[in-house]
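Each chain is listed here by its residues.
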Amino acid sequence: MAEAADFQGTSPSPARRLLRRTGALLAGAPLLAGLLQLPAAASAQAAGQDSAREASGSRTVSVSVDTLTPSVPTDGDTVTVSGTVTNNGKQAVSDAHVGLRVGSALTTRSAIDTTADRTGYSGADGEEVGGSYVQEFPELAPGVAQHFSISVPVDKLDLGKDGIYPLGVSLSGQTAAQPWEQVLGIQRTFLPWQPDEADTKTKTTVLWPLISTVHMTAETGSNEQQTPVFLNDDLAQEISPGGRLDQLLSLGKSLDVTWVIDPDLLASVDAMTRSYKVRGPEDTTTAGTHQAIAKAWLAELQKAVVDKDVVALPFADPDLAALAHNGTSVTGSLSHLKAASDVVANTVEPILHVTPNTDFAWPVDGAVDPSIVKVATSAGADKVIARSDSLVETGGLSYTPSAARPLGGGTTAVVSDSRLSKAFQGDLTKASDSTLAVQRFLAQSLALNLQTDKQRSIVVAPQRMPSGSQAQAMAAALSALQGGNWSQSQELTAAAKAKPDPGATTKIPSASKYPSSLRRKELPRSAFAQIAATQDTLDNFQVILSDRSRVVTPFGRALNREMSTSWRGRPVEASTFRQDVEAYLDTLTAQVKLIDKSDTKLSGRSATIPVTVQNNLVQGVDHLVLRLTSTNSTRLKIGGKPYSEQPIAVSGGHSQTVKFPTSANVNGQTTVIAQLYTQDGQEYGAPVTFDVKVTEITATVMLVIGGGVLLLVLAGFRMYTQRKRAAAREGQENGPDEDDENDEAGEPAEGPLNTEGPRSRLEEESGSRSGADDPEQQSDPTPDTAAESTDPSGTGERVDR
């Protein structure tokens, strides 16, 4: 019954009835002439079939409605329709003219959809307004487009009661093959007619999203400011004058909307206001140059959101559905959502100087199932923005209910209207497509308001990242809506608190009802497993750092970005981003490492083995333990045990050498393993393995060494006696008085301890050895042995005894 009433409206006036009858007669004249030429045996049914074939010609000419003003006419207005007509046929159209047709008022929302989707001319399109309100074309050549513009006072359109009226813009004419006037092309749009204030107005909430794709990497500079590195310069294009985000900001600041903002976008633009770099080809970077643009955009946004409702999503807008379906089985995935939620307040408020609302979660396209709702509320949000084509009405209500739906447990679903929310999807770069979208949106909004006298709260949640042309169409529609007589603006927080309709559906659809088209674009489980592995590496790395924030903050935000909704439909880009984050973290962890050692010889029963730890980071590391392990403790012990450990602390840009005492029991070769550990026992970095060869010092060698020492002693004694005798002779020559004075002073004139005398051979050798000083880092403790050389030692290196 309701659908049958879609094409019924108020009774036409007498003048309009006369025009309708006259038009019918004129249209029937050529048809009658055609019928007279048929064979005598032709039946009335055959004539009807020929008439249907003639109607199919109404697709010969395409009609484009580029502008319709005003979008919502009222008493005293003049409606102006302009556009183009293009002959797509092979024959010229003669005696052509463009006219306007007003159909009967539509009474249901589904009737609007049916009318918008219909192609070709039908009797339901109504009669031409006619008279002087047409534009004529003597001839319309094939492939040629002609512009038209028709203005008609609204009182000439014969609109009746409040409602939605189909407005057809038709091209009529004739061709050589069909030399009678007929409709050769038509385009339909809608005229919302509500000239007076509605008794009950719909409270309408419109979300205005400021969301972008991922732009920042995990990489930062080694300077104190940690200069960020961007993937590309796309964000600068978006916020530049005329860019997508610039248009959204410029259009939205004049509308009554609820701003929905991704904190990652704010953080990225804020980073651009200072020194930043942009990644180039082959791992090169260039200095960013758009600081002024970033500052101007943020300044405009700060003014736009003053005293406005601002809803902040979790950082980087994580894909709640992908997390629910593929991530919850991976340990730690939900903790990333919690971290993305916790950082919001400290990101948005310092930049925008407003306190955002963080109680809302927004799954992709408002599609929900029990697991999505559970994940969405796990990080603290208690309101889930769903959509009516997911949370479908099953209660048989005759009207669209209010958005708020209690789900139990303190959770509220805020259900957006699917028809209004999807009105501006698709390519709206053509003026005709944009105009049709605006008029259809307004028609659906008025039809919703006319359903009942009960006031309701309706939410419009458009696509997350509307294009510039889509944003322009949205703004045009909202400007007309907010200037109309049947709707009043409302903030999202108020819509969520509105009293729900008792008969509205509150049952969440099962997982099997989740759209397969959306599921195919989700991040796979392997992506969440890779995120978890990167987090494990980060956890193991941060415990050794003296300034953890330099690493934890950029990598923590990068892991949030790896879960972003913006990766949907971009699996290659998503995988590349994850791999880059992982590789960069591995590069940093590898800056703290053990220096490779060559094989070592141990001559004797005991010695010390030096091992060097190098730190090439800009900050110091601590809470590390170096363990040296003997694989054959029977042959070689480290500190009297199979292994020994020592704590490690190394300043940034320095290295530290530590010594391990060893003891050998038997001769032979033993493999020794050096490995770094964190204080909680986790291995850090790769081990260093080297061989230690133990050799016995024999009795013959000891005799040779002893003989050499004895010879040195004897040589020294001889030198001493010779010097003594020489001094005595010199004293005798100088006389007894000088000798007596020297003897009384108790200081010999010369002797073996005189520092100015000749140095012994042992002293010279010792001095030669001690002069080989190795360079040391300024902050390293003074080693008691020479620093280790990393060069190969050939047959092996000696260790300190």
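Now for a description of the structure that goes with this document. Owing to the predicted nature of the structure, the values given are computational and were not obtained by experimental measurement.

1. Some points on a negative patch on the surface
Line of reasoning, step 1. On the surface, Asp75, Asp155, Asp162 and Asp196 cluster together into a negatively charged patch.
Line of reasoning, step 2. Among the structural elements, Asp155 can be located in the loop between strand E5 (145-153) and strand E6 (163-174).
Line of reasoning, step 3. A relative accessible area of 60% places Asp155 in the exposed class.

2. Overview of the side chain of Gln226
Line of reasoning, step 1. With respect to the helices and strands, Gln226 occurs in the loop between strand E9 (216-220) and strand E10 (228-230).
Line of reasoning, step 2. Within polar-contact distance, the side chain of Gln226 engages the backbone oxygen of Arg550 at 2.8 Å.
Line of reasoning, step 3. When neighbours within four sequence positions are excluded, Gln226 is seen to be in contact with Thr220, Gly221, Arg550 and Pro554.

3. A short note on the packing of aromatic side chains
Line of reasoning, step 1. As enumerated under the stated definition, the model contains 5 aromatic pairs in all.
Line of reasoning, step 2. Taking the centre distance of 5.5 Å and the plane angle of 40 degrees together, the rings of Trp567 and Phe577 count as tilted. With Trp567 in the loop between helix H18 (549-562) and helix H19 (571-589) and Phe577 in helix H19, the pair connects residues that are 10 residues apart, well separated along the chain.
Line of reasoning, step 3. When the ring centre of Trp362 is taken as origin, the NZ or CZ atom of Arg464, which lies over that ring, is 4.4 Å away.

4. Overview of the environment of Gly327
Line of reasoning, step 1. Structurally, the position occupied by Gly327 is in helix H8 (residues 320-327).
Line of reasoning, step 2. Assessed through its relative accessible area of 0%, Gly327 is described here as buried.
Line of reasoning, step 3. Placed 199 residues apart in sequence, Gly327 and Ser526 show a C-alpha to C-alpha distance of 8.8 Å.
Line of reasoning, step 4. The residues touching Gly327, leaving out its near neighbours within four places in the chain, are Ala322, Ser333 and Phe528.

5. A closer look at the nonpolar core
Line of reasoning, step 1. Phe541, Leu626 and Leu628 are the most contacted members of the largest nonpolar core, which totals 74 residues.
Line of reasoning, step 2. The dominant element in this core, judged by the number of residues it contributes, is helix H17 (residues 525-542), at 6 residues.
Line of reasoning, step 3. For Leu628, the residues in contact, after removing those within four places along its chain, are Ile609, Val611, Ile638, Pro642, Tyr643, Ser644, Phe660, Val672, Ile673, Ala674 and Phe690.
Line of reasoning, step 4. By size, the runner-up hydrophobic cluster in this structure holds 64 residues, among which are Leu245, Leu248, Val460 and Met474.

6. Here's the deal with the pattern of salt bridges
Line of reasoning, step 1. This structure, assessed with the given rule, holds 26 salt bridges.
Line of reasoning, step 2. Here Arg109 makes a salt bridge to Asp417, at a shortest N to O gap of 2.8 Å. Of this pair, Arg109 sits in helix H3 (residues 109-117) while Asp417 is found in the loop between strand E18 (411-416) and helix H12 (418-421), placing the two residues 308 residues apart along the sequence.
Line of reasoning, step 3. Using a relative accessible area of 6% as the deciding quantity, one classes Asp417 as buried.
Line of reasoning, step 4. Where Asp501 meets Lys454, a salt bridge forms, and the shortest distance between an N and an O atom there is 2.7 Å. Here the residue Asp501 occupies a position in the loop between helix H15 (492-497) and helix H16 (516-519), and Lys454 occupies one in the loop between helix H13 (431-449) and strand E19 (457-460), the gap between them amounting to 47 residues.

7. Thoughts on the sheet that holds strand E27 (residues 654-664)
Line of reasoning, step 1. Sheet architecture is open: 4 strands sit in the order E21-E23-E27-E25, paired in antiparallel fashion. At either margin of the open sheet sits one strand with a lone partner, and together these are strand E21 (592-594) and strand E25 (636-638). Recorded for the sheet is a direction-independent mean angle of 30 degrees between the axes of neighbouring strands.
Line of reasoning, step 2. Pairing geometry for strand E23 (residues 606-615) and E27, over 10 bridges, is antiparallel. Of the residues in E27, the one forming a bridge with Thr608 is Pro661.

8. What about the pairing of strand E7 (residues 182-193)?
Line of reasoning, step 1. Across the 12 residues of E7, 11 count as buried, placing the element largely inside the fold.
Line of reasoning, step 2. Alignment of E6 against E7, held across 11 bridges, turns out to be antiparallel. Bridge pairing in E7 links Leu171 to Gly185.

9. Observations concerning the side chain of Arg387
Line of reasoning, step 1. Residue position: Arg387 is located in strand E16 (residues 383-387).
Line of reasoning, step 2. In this structure Arg387 touches Asp365, Gly366, Val415, Ser416, Ser418, Ser421, Lys422 and Gln425, once residues within four positions along its chain are discounted.

10. Observations regarding H3
Line of reasoning, step 1. Burial in H3 covers these residues: Arg109, Ala111, Ile112, Asp113 and Thr115.
Line of reasoning, step 2. Taken together, the buried residues of H3 touch E6, E7, H12 and H13.

11. Some points on the pairing of strand E3 (residues 93-102)
Line of reasoning, step 1. Across the 10 residues that make up E3, a large majority, 8, are buried.
Line of reasoning, step 2. Examined bridge by bridge, E3 and E6 share 7 bridges and lie antiparallel to one another. Bridged to Gly99 within E6 is Ser170.

12. Quick notes on the environment of Ala664
Line of reasoning, step 1. Note on placement: Ala664 falls in strand E27.
Line of reasoning, step 2. Judged by relative accessible area, Ala664 falls into the buried class, the value being 6%.
Line of reasoning, step 3. Considered as a pair, Ala664 and Leu602 are 62 residues apart in the sequence and their alpha carbons are 8.5 Å apart.
Line of reasoning, step 4. Filtering out sequence-adjacent residues up to four positions away, Ala664 remains in contact with Gly604, Arg605, Arg635, Leu636 and Val694.

13. What about the sheet that holds E6?
Line of reasoning, step 1. Read from one edge of the open sheet, 4 strands run E4-E3-E6-E7, paired in antiparallel fashion. The outermost strands of the open sheet, each flanked by one partner alone, are strand E4 (134-140) and E7. Averaged over all neighbouring strand pairs, the angle between strand axes comes to 20 degrees, with direction disregarded.
Line of reasoning, step 2. Across the face of the sheet, H3 comes into contact with E6 and E7 while running at roughly 150 degrees to E7.
Line of reasoning, step 3. Along the sheet face, H13 touches E6 and E7 and points at about 50 degrees away from the line of E7.

14. Some remarks on a nonpolar patch on the surface
Line of reasoning, step 1. Together, Leu710, Leu711 and Leu714 line one region of the surface with nonpolar side chains, adding up to about 320 Å² of accessible area.
Line of reasoning, step 2. Checked against the element boundaries, Leu714 lands in helix H20 (residues 699-734).

Rules used throughout
Residues numbered from 1 in each chain as written. Predicted model: local features only at pLDDT ≥ 70, side-chain atom pairs only at ≥ 80, totals over all residues. Heavy atoms only, no water. Patch = residues over 30% accessible without salt bridge, like charges linked within 9 Å, V, L, I, M, F, W, Y side chains within 5 Å. Areas by Shrake-Rupley, 256 points an atom, 1.4 Å probe, with all protein chains shown as cover. Salt bridge = Lys/Arg side-chain N within 4 Å of Asp/Glu carboxyl O. Lys, Arg positive; Asp, Glu negative; His and termini not counted. Charge placed at Lys NZ, Arg CZ, Asp CG, Glu CD. Helix = DSSP H or I, 4+ residues; strand = E, 2+ residues; numbered from the N terminus. Buried < 20%, exposed > 50% of the residue type's maximum accessible area, 1.4 Å probe, protein only. Polar contact = N/O pair within 3.5 Å; in protein donor to acceptor, adjacent residues only side chain to side chain. Contact = heavy atoms within 4.5 Å. Phe/Tyr/Trp six-rings, centres within 6.5 Å; stacked < 30°, edge-to-face > 60°. Lys NZ or Arg CZ within 6 Å of the ring centre and 35° of its normal. Core = buried A, V, L, I, M, F, W, Y, C linked by side-chain atoms within 4.5 Å. Pairing = 2+ DSSP bridges. Axes fitted to C-alpha atoms, helices over the stretch in contact; angles between N-to-C directions.

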